[in-house]
Amino acid sequence: MNKKYMYSLLAVIVLILIAYVGVEAMGLQVLFGVIIPYLAVLVFIIGFISHIMDWARSPVPFRIPTTCGQQKSLPWIKQNKIDNPFTAGGVIIRMALEILFFRSLFKNTKVSLNEGGKICYKWEKWLWLAAIAFHYSFLTVIIRHLRFFLEPVPVCLQWLENIDGFFQIGLPGLFMSGAVLLGAVTFLFLRRLYIPQMNYISLAADYFPLFIIFSIAFTGILIRYFTKVNVVDVKALAMGLASFHPTIPEGIGVIFYIHLFLVSILFAYFPFSKLMHLGGVFLSPTRNLPNNTRAYMHINPWNPSVKIHTYSEYEDEFREKMKGVGLPLEKE
Amino acid sequence: MINSDERVSKLKHRPPKTDWMDTPTVYKKGMYCYAAKPSRLEYMDAPYPKDWSCIDEDWQLPENWKEILLNGMKERLEKFRTFKIFMDICVRCGACADKCHFFIGTGDPKNMPVLRAELLRSVYRNNFTKAGKILGRIGGARELTVDVLKEWWYYFFQCTECRRCSVFCPYGIDTAEITIIGRELLNLLGLNIDWIAAPVAFCYRTGNHMGIQPHAFVDMIDFFTDEVETVTGVRMEQTFNKKGADLLFICPSGDVFGDPGTFTCMGYMIIMHYLREVHGLDITWSTYASEGGNFGLFTSNETMKRLNAKMYAEAKRLKVKWILGAECGHMWRVINQYMVTMNGPADFLEEPSNPITGTKFENAKATKMIHLAEFLSDLIINKKLDLDPSRNDRLKVTFHDSCNPARGAGILEEPRYVIKNTCNNFYEMPRNTIREQTFCCGCGSGLNAGEDMELRMTGGMPRGNAARYVSDLHGVNTLACMCAIDRAVLPALMGYWAPKVDVCGLSELVANALIIPGEKEKTENLRGEPILRKDVDPDEWYVRPDFPGRE
């Protein structure tokens, strides 16, 4: 079995130890609570924007959407306006469904060979379900964390927390998003580990974000439900960062600093990794362009000038033969 | 070659024990095409022509081959947003893995689209990303070596650029685009296959892939004119290079050249004759622009442009209204997604409308080129074709969507409408194998050679399997398609996987059903098969006679 996950596991363990030793043994709260978070956010913002700019600057020479439905042709033939969009409106709907609901992934099938050599295609939903659960629970968690950076806390955040804590299990009340996030990440990891083809294609870079997100969620849960950190102190630290008057309140446990450090690493790692699919999905030319090149000419900014074999060169070479079969000629 | 049952029983989809970067590429006989002969490249002024074979140890690479490839990658990263984004954002979710017909048919993990892209992506990481430079192998990066180059060659010529994987990719990563660019890179070193390089050179010189010179082209059509006369009793003279004709007609030259495409070609001729006699529409052939297909698409974007330029040049010279394009797969990817961008604007042509029905083809007002299936659909719904579908009653028809019209255009309903109006027995193959999910014939993008038969039979397995399914279930005996490569290769594939199924084009079905003014009493179709039930033994009624490719 592919052991590449070991590198990533090791890396995350080392990162946790660094934060632990740094805060617990060396008392570097300022480094882990202020300097690294600031640096990480800076790297994230600059890295993310420059990557997007780099993509956006590169030309789109040809309009090559993947068409997944009937084209617009004769008026009585029903066009598939979403999967084969002709207008910007269609593209917007296609992109929205792709980005919000992972529509292409929803179509996923699984191939198997039946008795007698018949190939069988089954609708495979688990990957889509795990992906949706993972992304939406992660988004919920991130939005919930805004309460640490905002004073007063907006009422819509309160609503979100009410929904997320709907089941009112335990005290403090359990947020579903955290549990779902942990479950989805675990599923995505096990999938990479145990499905032979997935295992074969997976790189260390595929495991690293999973481990780090798992650890972030896990430490977050520890802080909230088990070590029961003083929320007022954490908020003071966060507000300090947000208002550029950083402070380090006393008495925040080391687990919190590990949590914060891993989040910082994730931010800094983001622009240099496959996680950039967050930005790339908006720019993918096979999805974000209408299939209307036959109606509206698409311009290639670097359209090369090329040598072509002209008709007169052709006629010069074959004139006698063309004459022989009575083909019309430009020059006799 | 082993038979189809044995092939299925041996098929395994478990990856090997060694990591893919440590699994050497073994060139298996029957799984690759022959290397490009130097004369082809010389004719096109392409770099590094040489006499070589892909199984040679020494590929006679220039000293600075690595620099050439890496510079080529850099240039293309700057020129194609697709390439840059597709190199950066794959998360290896695996959704594409079992969507590829070559993976399904071979079980070779490097035929999973994700891994095919990783072959290139690993070098991209190594030379163009910080993370790859720092982390090396742990970061999924690897050095470009001769072995890597040979791996690229083997696997970029085991992809038919069908885009099925891109339908399922959550980011729309298109392996066709990656293969296209991979092949452009290989061409920088003169490393093409002959089955692509030869048609390209032929097409550049004579106007068509087959290298048919103008007098021979006319002779071949004349021969078909005699054949058609025998069957229908009507002499249907064609016109060539005619100035002032209403429309220029361009078909894939494969239909002029080989069975069973020739019957489709006769179909074109009959339709053109009918439109001239009944509706006064003057459609001309061209010997100069005598190719619809474009093997330049499988070579480089510049080559594609050089070959495609003839269509507009000839339409301009002949002063036609617009261009009618026949049944060809990748031809329609080029026309739909590249043509006007490369060689437009086509301001010397009219915005296309059907001179017979008055219908405006709004979807083609810039390119000014109409697909025959669109044109026929418009004629049929306006009752401009006199059709007797019962003449095709001996056929139980299914329709194979060719990759490019399906996923590079979306021409799905038009051909079905034409078939349903020309045949009484039509059955669809399973939903996961048609329309946007259609499976490749296994031979697209220039892989339709003879020496790679093993590759063709494995790659065509899902298509063959689906055809076999409807053959067993409904007694389907005819697979209709609108692609000349399909017509050339599917008979062999059907012979292997679905032996009762013959292959034909749309136009053949239309021509057989068409009631032509002055025709003799029809008793046979274009292939000489009796079409009246009383003339045939009941047990034989649905049996198609032997055809090339069926053992």
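Residues numbered from 1 in each chain as written. Chains lettered and ligands numbered in written order. Predicted model: local features only at pLDDT ≥ 70, side-chain atom pairs only at ≥ 80, totals over all residues.

S.K.: Explain the overall build of chain A to me, please; I cannot follow it from the model alone.
M.R.: Scanning chain A from terminus to terminus reveals 13 helices and two strands. If you line up chain A on its principal axes, its C-alpha atoms span 100 × 55 × 45 Å. A burial count over chain A gives 35% of its 332 residues as buried. Within chain A, contacts between residues separated by at least 24 positions form 64% of all contacts whose residues are at least 6 apart in sequence. (Helix = DSSP H or I, 4+ residues; strand = E, 2+ residues; numbered from the N terminus. Buried ≥ 20, exposed ≤ 12 C-beta atoms within 10 Å, placed from the backbone. Contact = placed C-beta atoms within 7 Å.)

S.K.: I would appreciate a short explanation of the overall build of chain B in the present structure.
M.R.: When its secondary structure is counted, chain B shows 23 helices and seven strands. Principal axes of the C-alpha set define a box for chain B whose edges measure 75 × 55 × 40 Å. When the 551 residues of chain B are sorted by exposure, 63% land in the buried category. For chain B, long-range pairs separated by at least 24 residues make up 76% of all intrachain contacts whose partners lie at least 6 apart in sequence.

S.K.: Explain the environment of B:T523 to me, please; I cannot follow it from the model alone.
M.R.: Tracing the backbone through its elements, the reader meets B:T523 in the segment after helix 23 (506-513). Setting aside chain neighbours within four positions, we find B:T523 in contact with B:P530, B:I531, B:L532 and B:D535.

S.K.: I'm lost on the interface of chain A and chain B in this one. Help?
M.R.: It is common to give the size of an interface as the accessible area that goes away when the parts come together. With 84 residues of chain A at the interface, the matching set in chain B holds 96 residues. Of all the secondary-structure elements, those providing two or more residues to the side of chain A that touches chain B are helix 4 (103-106), strand 1 (109-113), strand 2 (119-123), helix 8 (196-201), helix 9 (204-226), helix 12 (277-283) and helix 13 (311-324) of chain A.

S.K.: Help me out: how do you make sense of the pairing of strand 2 of chain A in this one?
M.R.: The side chains of a regular strand alternate between both faces of the sheet. Residue and element names in this part refer to chain A. Relative to strand 2, strand 1 runs antiparallel, the two being bridged by five bridges. Each residue of the ladder has a partner; that of K110, found in strand 2, is K122. In this antiparallel pair of consecutive strands, strand 1 and strand 2, the connection spans five residues, and G116 shows a positive phi of 75 degrees. (Pairing = 2+ DSSP bridges.)

S.K.: How should the domain arrangement of chain B be read in this particular structure?
M.R.: When its domains are assigned, chain B resolves into domain 1 (10-30 + 47-191), domain 2 (206-381) and domain 3 (389-540). Here domain 1 of chain B and domain 2 of chain B have C-alpha centroids that lie 36 Å from each other. (Domains from an automatic or database assignment.)

S.K.: Could you clarify how one ought to interpret the nonpolar core in this entry?
M.R.: General note: in soluble globular proteins, nonpolar side chains tend to be found buried as a group. In terms of nonpolar packing, the biggest core is built from 245 residues, with B:F249, B:I270 and B:I323 touching the most fellow members. A total of 11 residues in this core trace back to one element, the largest contributor, which is helix 9 of chain A. The residues touching B:F249, leaving out its near neighbours within four places in the chain, are B:M272, B:I283, B:T284, B:W285, B:L324 and B:A326. (Core = buried A, V, L, I, M, F, W, Y, C linked by C-beta atoms within 7 Å.)

S.K.: Mind showing me how you'd approach the sheet that holds strand 1 (residues 247-250) of chain B here?
M.R.: In sheet architecture, strand pairing relies on hydrogen bonds along the backbone and comes in two forms, parallel and antiparallel. Residues and elements named next belong to chain B. Strand order across the open sheet formed by four strands is 2-1-3-4, with parallel pairing between neighbours. For this open sheet the edge positions go to strand 2 (283-285) and strand 4 (369-371), each flanked by a neighbour on one side alone. Each neighbouring strand pair of the sheet contributes to a mean axis angle of 30 degrees, computed without reference to strand direction. With four bridges joining them, strand 1 and strand 3 (residues 322-325) adopt parallel strand pairing. (Axes fitted to C-alpha atoms, helices over the stretch in contact; angles between N-to-C directions.)

S.K.: Would you take a moment to explain helix 19 (residues 413-422) of chain B for this structure?
M.R.: An α-helix turns once every 3.6 residues. As a result, residues three or four positions apart point the same way. For helix 19 of chain B, the tally of buried residues reaches eight of 10 residues, placing the bulk of the element in the interior. Inspection of helix 19 of chain B places B:E413, B:E414, B:P415, B:R416, B:Y417, B:V418, B:I419 and B:T422 among the buried residues, and these make up the whole buried set.

S.K.: Hey, could you run me through helix 10 (residues 175-187) of chain B in this one?
M.R.: Spanning 13 residues, helix 10 of chain B covers 18 Å between terminal C-alpha atoms, matching the ideal 18 Å at 1.5 Å per step. Buried residues dominate helix 10 of chain B, accounting for 13 of its 13 residues. (Expected span 1.5 Å × (residues − 1).)

S.K.: Teacher, can you tell me more about the packing of helix 3 (residues 65-79) of chain B against helix 10 of chain B here?
M.R.: Each pair of packed helices gets described by two things: the angle between the helix axes and the distance between those axes. All names here are of chain B. The interhelical angle for the contact between helix 3 and helix 10, taken along N-to-C directions, is 140 degrees, at an axis separation of 9 Å. Between helix 3 and helix 10, the interaxial angle falls into the category oblique. For the pair helix 3 and helix 10, the crossing hand works out as right-handed. For the pair formed by helix 3 and helix 10, the contact residues are L69, G72, M73 and R76 on the first element and I181, E184 and L185 on the second. (Parallel < 35°, antiparallel > 145°, perpendicular 65-115°, else oblique. Left-handed = near helix turned anticlockwise from the far one by under 90°.)

S.K.: Just checking my understanding: could you explain the pairing of strand 5 (residues 397-400) of chain B for this structure?
M.R.: All names here are of chain B. Side chains V397 and F399 project from strand 5 onto one buried face, and the interleaved T398 and H400 project onto a second face that is buried too. When strand 5 meets strand 6 (residues 478-481), the two strands line up parallel, connected through four bridges. For V397, the partnering residue across the bridge sits in strand 6 and is T478.

S.K.: In this structure, what is going on with the sheet that holds strand 5 of chain B? I would like to understand it.
M.R.: Residues and elements named next belong to chain B. One open sheet holds the three strands; their spatial order is 5-6-7, and the pairing between them is parallel. Both edges of this open sheet fall to strand 5 and strand 7 (502-505), since each of them pairs with a single strand only. For this sheet, the mean inter-axis angle between neighbouring strands, taken without regard to orientation, is 35 degrees. Bridge count for strand 6 against strand 7 is four bridges, and the pairing is parallel.

S.K.: Help me understand the packing of helix 4 (residues 81-88) of chain B against helix 10 of chain B in this model?
M.R.: All names here are of chain B. Packing of helix 4 against helix 10 brings their axes to within 10 Å, and their N-to-C directions diverge by 110 degrees. Comparing the axis directions of helix 4 and helix 10 gives the class roughly perpendicular. The way helix 4 lies across helix 10 gives a crossing that is left-handed. Across the interface between the two elements, T82, F83 and F86 of helix 4 pack against E177, I178 and I181 of helix 10. Its residues assigned to classes, the contact of helix 4 with helix 10 shows four nonpolar, one polar and one charged. (Nonpolar A, V, L, I, M, F, W, Y, C, P; charged D, E, K, R; others polar.)

S.K.: Where do I start with the confidence of the model for chain B in this structure?
M.R.: The predicted model of chain B has a mean per-residue pLDDT of 95, with 99% of residues at 70 or higher. Prediction confidence for the complex, expressed as pTM and ipTM, is 0.95 and 0.94 respectively. (pLDDT = per-residue confidence, 0-100.)

S.K.: What am I meant to see in unusual backbone geometry here?
M.R.: With an omega of 0 degrees, the peptide bond running from A:E151 to A:P152 counts as cis. Positionally, A:P152 belongs in the loop between helix 5 (126-145) and helix 6 (155-164). Between B:G344 and B:P345 the backbone carries a cis peptide bond, its omega angle lying at -5 degrees. Mapped onto the fold, B:P345 is located in the loop between helix 16 (329-343) and strand 4. Positioned with a positive phi, B:E161 is a non-glycine residue whose angle comes to about 55 degrees. Mapped onto the elements, B:E161 comes out in the loop between helix 8 (146-156) and helix 9 (164-168). The backbone phi angle of B:K319 is positive, close to 55 degrees, even though this residue is not glycine. Counting through the fold element by element, B:K319 comes out in the loop between helix 15 (301-318) and strand 3. Assessed through the 12 C-beta atoms surrounding it within 10 Å, B:K319 is described here as exposed.

S.K.: What am I meant to see in the environment of A:N2 here?
M.R.: Among the structural elements, A:N2 can be located in the segment before helix 1 (5-25). Its 20 C-beta neighbours within 10 Å are what place A:N2 among the buried residues. Residues in contact with A:N2, not counting those within four places in the same chain, are A:N199, A:Y200, A:S202 and B:D19.

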